[in-house]
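# Structural overview
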Amino acid sequence: MIENIGRTLPRNVRISVSPPLQTTLGAERAATLNRAVGRPIATLPPKRRIPFVMDMGHQLFSSELPKIYEFRVEADGPFGHVDPLIYTVDLEALRDSALETDSVQWSTHQIAKDLKRSADAQEEQSRCIEALSSEVRKRLGRRSPEQASGVEVPEVVEPALSEIPMRPLSDDGVPT
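The following refers to the structure shown.

The rules behind the values
Residues numbered from 1 in each chain as written. Predicted model: local features only at pLDDT ≥ 70, side-chain atom pairs only at ≥ 80, totals over all residues. Heavy atoms only, no water. Pairing = 2+ DSSP bridges. Helix = DSSP H or I, 4+ residues; strand = E, 2+ residues; numbered from the N terminus. Axes fitted to C-alpha atoms, helices over the stretch in contact; angles between N-to-C directions.

### Overview of the sheet that holds strand S3 (residues 41-43)
Spatially, the four strands line up as an open sheet ordered S3-S2-S5-S6, and their pairing is antiparallel. Looking along the sheet, the strands with just one partner apiece sit at the ends: S3 and strand S6 (80-90). The mean inter-strand angle of the sheet, taken between neighbouring strand axes irrespective of direction, is 20 degrees. Inspection of the sheet shows strand S2 (residues 11-18) paired to strand S5 (residues 68-77) by six bridges, in the antiparallel sense. Considered in S5, the bridge of serine 18 is made with glutamate 70.

### Considerations on the pairing of S2
Both S2 and S3 contribute to a ladder of two bridges, which runs antiparallel. Counted as the bridge partner of arginine 11 is threonine 43 from S3.

Structure, rendered in structure tokens:
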């Protein structure tokens, strides 16, 4: 990610990387990354970010690709040329961070787990509603047709509701 963490507007920003960026996503992706990072940026307002996908964490860390890169940033500031800034980025420092699990496969796995829990909770709710509906029909069926019509229905339904076993859902949507 390229980001202006300063408070002023640099112009004519130029970035060089040593060694050239490499990725397990293939030579074409590496060439695209290096072209993008090496392209001059006319202006970069404060707090502005230009994100790039370099690699998948687990793939990068299990590869033999370089993990340490030196970025040299040259730019013109509001008062003229700015001395070059040199940043050493050591990706090894991120090995045990969330980046290692930040892959499409891992994210898809997490989404699938959440969807399964949601589907299970909805199925349980459906069973409870079906049981409630059955109990209400059963209770209403015990009454005469004259009693079953009119305003008296809520009086019959209220006691039936308290007899239906319904379990509340926890904060994560799973029946408790």
